[in-house]
Amino acid sequence: MATRATPDDPTRRETGTSASSVPDVPGPRARGLGARDLAYVATFAALIVVLGLPGAIFAFGSGVPITLQTFGVMLAGLILGGRRGALACLLVVALCALGLPVLAGGRGGLGVFAGPTVGFLLGWVPGAAVTGWLAARRAPGFSVPWGTAGALLGGIGVVHALGVLVLAWRAHLAPSAALTADLVFVPGDLVKAALAVVVAAAVHRAVPGLLPPRGARP
Amino acid sequence: MITFDGVGHRFGDRTVLRGIDLDLRERFVGVVGANGSGKSTLARCVNGLVRPTSGRVVVDGLDVGRQTARVRRRVGFVFPDPAAQIVMPTPAEDVAFSLRRAGLSRSQTTARVEETLERFGLAGHADHPAGLLSSGQRQLLALASILVTEPDVLVCDEPTTLLDLRHTRRVAALLHGLPQQVLMVTHDLELLGGLERVIVVDEGRVVADGDGPAGVATYRALMEADAC
Amino acid sequence: MLTSLYVPGHSWLHRAPVGGKVLGLLVATTLLLAWRDPAAPALGAVVVAAVHLGAGLGVRRLLAQVWALRWVVAVLAVLQWWAAGPREAVVVVGGLLVAILAAGVVTATTRIEAMMDAVVGALGPLRRVGVDPDRVALALGLTIRTVPALTGIAREVADARAARGMGRSPRALLVPLVVRAVRHADAVGDALVARGVDDGPGE
Ligand SMILES: Nc1ncnc2c1ncn2[C@@H]1O[C@H](COP(=O)(O)OP(=O)(O)OP(=O)(O)O)[C@@H](O)[C@H]1O
Ligand SMILES: [Mg+2]
């Protein structure tokens with residue numbers, strides 16, 4: 001049986017303080033992650049990888065695959081908040097660099113970082129941070145308007161901004177040309193943002209207490 | 001030796017354990033009871049995964065609430081779902097993870113890992129992805145990763161729920177052969193019958209405390225009374 | 001299952017130290033992209049192909065890698081040609097192609113464990129700003145371990161959705177998948193705590 005979280009259950013989900021009330025336990029280092037946070041971060045990183053596994057659809061055009069992975073990035077922020085959501089994305093980026101095919105369509109390895117579209121991947125980290133930071137505005141509750149704002153600004157705005165800038169730089173394109181090439185992918189991402197907010201709202205209802213409490217680092 | 005001293009626990013306003021006083025000295029102690037009766041909560045108090053809202057738990061003279069880190073080094077904990085307990089990609093890495101603080105050299109670690117996997121019948125799977133192991137093999141690996149640190153006490157929360165009869169018996173035999181004190185929560189009456197001591201928990205209280213056959217009889221009576 | 005892009009072998013490149021390979025890659029790529037002449041990608045292509053074949057990675061793999069990049073190459077080539085002419089298209093797109101292939105060779109000849117050791121080693125100095133390299137290694141290992149666990153959960157959830165006759169609803173798949181992923185993370189968190197991960201260094 002999975003245990004449910006209640007306000008004074010010491011095993012309840014919270015950022016980095018799960019054991020700190022226990023004397024003699026040094027607790028997670030000031031800046032480090034507690035064991036429970038680590039489990040969440042690794043699980044959502046794995047979720048992003050898994051969402052890239054089945055039938056990745058490559059839209060004709062620019063080598064940026066349309067899959068549920070960006071949905072996973074937004075979801076990480078919406079469910080875990082900014083800090084842990086961003087760390088989950090950072091883990092995926094790191095695994096990619098180590099040489100694992102963690103990106104949609106089985107892509108991965110250092111080649112990705114030499115490619116022109118790497119900005120979209122690197123953008124996941126600040127994108128999830130912004131998504132989660134906004135989504136946690138009403139924490140511990142989940143607010144649909146703030147979550148939507150987060151998914152749009154972070155999951156789409158930040159990711160595409162970084163992606164377009166890097167594309168323009170690496171492919172020697174005018175930023176406007178890079179942006180035009182990128183616009184094809186925005187409608188798909190809008191659908192994914194909506195789906196992410198709907199799913200996050202349902203998950204927060206099923207499992208309350210996931211977002212970091214206000215005052216804790218997001 | 002595990003002592004519960006007036007232990008009670010509430011999750012929010014729901015009381016899950018009340019007035020638990022136990023002195024567990026036997027080498028193998030079973031715990032049985034209905035779903036939701038509080039067995040897992042009781043077991044989790046032994047290594048501080050749950051901190052009781054009243055009373056205290058003492059393991060080999062150490063207060064779990066105050067000396068949690070030291071208690072956790074002495075108490076191994078086996079969970080019902082072996083898939084969630086294996087934290088590293090391969091069996092060898094998972095066992096080695098347990099030894100990270102043992103102060104062993106690389107070659108000593110490798111040797112200990114090999115010898116441990118051998119003992120649990122997993123030598124042939126040392127470097128295979130843990131995801132490919134069967135549930136039974138995973139539970140054996142979970143046990144291997146815990147026992148390699150040589151804890152003094154082993155707490156097992158339904159360690160055989162996901163296993164077939166053969167693996168259940170294998171795990172049971174393994175647990176019975178250990179030098180450690182074992183506290184095992186289970187719904188498997190076959191595993192309880194021969195025990196020297198069985199605790200029956202119901203609605204957060206200890207309702208029976210005696211030898212195996214007595215515990216099983218009380219538990220059956222309890223379940224059948226509820227069924228009408 | 002997450003199998004790495006490493007291609008087993010015993011070539012000089014397989015045996016070369018990780019740090020050297022990555023550093024060499026960085027230097028070569030920087031030079032390649034700085035030399036803005038069609039000769040750069042031409043020479044680069046010859047070198048990369050030679051190294052690729054020399055490392056025993058095979059012609060077939062090389063061609064497959066190029067083929068996988070066909071869309072990026074096509075789109076960028078058209079855009080560049082149109083914006084800056086054929087010469088620029090060759091320099092930019094050829095340069096990118098060679099850089100990607102070169103990086104791919106390093107990945108194909110380096111084991112994940114070796115990469116991980118190198119990364120964890122390189123993170124040592126970051127201890128002072130609160131980064132714990134062992135915890136980073138644990139996080140990476142835990143993620144690799146969790147992928148097959150979640151794949152299994154995804155399969156069960158998809159079967160359940162089909163059994164309930166909700167074959168097309170993405171919500172009926174994603175909500176239970178994420179809820180179960182969270183519960184799995186809770187159980188993993190318990191196991192980590194029980195195995196002393198929050199307890200700091202030993203006595
Ligand atoms: N973290 C938690 N927050 C709130 N309630 C909880 C929590 N963990 C357990 N409970 C509740 O406490 C009660 C006892 O749970 P516990 O898991 O100890 O039962 P159990 O005897 O192990 O049951 P089972 O046989 O189903 O494993 C249940 O009603 C359960 O819903
Ligand atoms: Mg239980």
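The preceding data block contains the structure.
Everything numeric in this text was worked out from a predicted model, so none of it was measured.

Novice: How do you make sense of the pairing of strand E2 (residues 14–24) of chain B when you look at a structure like this?
Specialist: Two faces make up the sheet, and in a regular strand the side chains alternate between them. Residue and element names in this part refer to chain B. Alignment of strand E1 (residues 2–11) against E2, held across seven bridges, turns out to be antiparallel. Across the sheet, the residue bridging to Phe11 is Arg14, located in E2. What sits between the antiparallel neighbours E1 and E2 is a turn of two residues, in which Gly12 has the positive phi angle 65 degrees.

Novice: When you look at the interface of chain B and chain C in this model, what are you seeing that I'm missing?
Specialist: The accessible area lost on association of the parts is a frequent measure of interface size. Across the boundary between the two partners, chain B contributes 27 residues, which contact 25 residues of chain C. Between chain B and chain C, a total of about 2200 Å² is buried, with carbon and sulfur atoms accounting for 57% of that surface. On the chain B side of the interface with chain C, the three residues burying the most area are Arg72, Val87 and Arg101 of chain B, jointly 24% of the side's total. If you look at where chain B meets chain C, you find two salt bridges. Between Asp94 of chain B and Arg195 of chain C there is a salt bridge; the shortest N-O distance is 3.2 Å.

Novice: What is the right way to look at the interface of chain A and chain C in this model?
Specialist: Of the residues lining the interface, 64 residues belong to chain A; the matching set on chain C comes to 62 residues. Interface area for chain A against chain C, summed over the two sides, is near 5400 Å², with a carbon-plus-sulfur share of 75%. Our count for the chain A to chain C interface comes out at one salt bridge. A salt bridge links Arg36 of chain A to Asp190 of chain C; the nearest nitrogen and oxygen atoms lie 2.9 Å apart. Taken together, chain A and chain C are joined by nine residue pairs in polar contact (both at pLDDT 80 or more). At the level of elements, helix H1 (35–51), helix H2 (69–80), helix H3 (82–98), helix H4 (111–114) and helix H9 (186–206) of chain A are the ones that each hand at least two residues to the side of chain A that touches chain C.

Novice: Explain the sheet that holds strand E9 (residues 197–202) of chain B here, please?
Specialist: Working definition: the strands of a sheet are paired by backbone hydrogen bonds and lie parallel or antiparallel to each other. Residue and element names in this part refer to chain B. Overall, mixed pairing links the six strands, which are arranged E6-E7-E8-E3-E9-E10 in an open sheet. Looking at strand neighbours, the two that pair on one side only are strand E6 (75–78) and strand E10 (205–210), the edges of this open sheet. Strand-to-strand twist across the sheet, computed as the mean angle between neighbouring axes with direction ignored, equals 15 degrees. Sitting on the sheet, helix H6 (residues 135–147) touches E6 and strand E7 (153–157), and the angle it makes with E6 is about 170 degrees.

Novice: How do you make sense of unusual backbone geometry when you look at a structure like this?
Specialist: Only a minority of non-glycine residues have a phi that is not negative, and only a minority of peptide bonds are not trans. Residue Pro140 of chain A is reached from Ala139 of chain A by a cis peptide bond, and omega for that bond is 5 degrees. With respect to the helices, strands and loops of the structure, Pro140 of chain A is situated in the loop between helix H6 (124–135) and helix H7 (144–170). Of note in the backbone geometry, Glu150 of chain B takes a positive phi value of approximately 50 degrees without being a glycine. Residue placement: Glu150 of chain B occurs in the loop between H6 and E7. Positive phi, close to 45 degrees, is recorded for Glu203 of chain B, a residue that is not glycine. Looking at the element boundaries, Glu203 of chain B is found in the loop between E9 and E10.

Novice: What should I look at first to understand the state of the cysteines in this one?
Specialist: Put plainly, two cysteines are in a disulfide when a covalent bond ties their sulfur atoms together. For the structure on display, the rule yields zero disulfides over all chains. We note that Cys96 of chain A lacks a disulfide partner, and the nearest cysteine sulfur, in Cys89 of chain A, lies 13 Å from it. For Cys45 of chain B, which is in no disulfide, the shortest distance to another cysteine sulfur is to Cys156 of chain B and amounts to 16 Å. The class for Cys45 of chain B is buried, based on a relative accessible area of 1%.

Calculation criteria
- Residues numbered from 1 in each chain as written.
- Chains lettered and ligands numbered in written order.
- Predicted model: local features only at pLDDT ≥ 70, side-chain atom pairs only at ≥ 80, totals over all residues.
- Heavy atoms only, no water.
- Pairing = 2+ DSSP bridges.
- Helix = DSSP H or I, 4+ residues; strand = E, 2+ residues; numbered from the N terminus.
- Contact = heavy atoms within 4.5 Å.
- Buried area = accessible area lost by both parts, 1.4 Å probe.
- Salt bridge = Lys/Arg side-chain N within 4 Å of Asp/Glu carboxyl O.
- Polar contact = N/O pair within 3.5 Å; in protein donor to acceptor, adjacent residues only side chain to side chain.
- Axes fitted to C-alpha atoms, helices over the stretch in contact; angles between N-to-C directions.
- Disulfide = S-S within 2.5 Å.
- Buried < 20%, exposed > 50% of the residue type's maximum accessible area, 1.4 Å probe, protein only.

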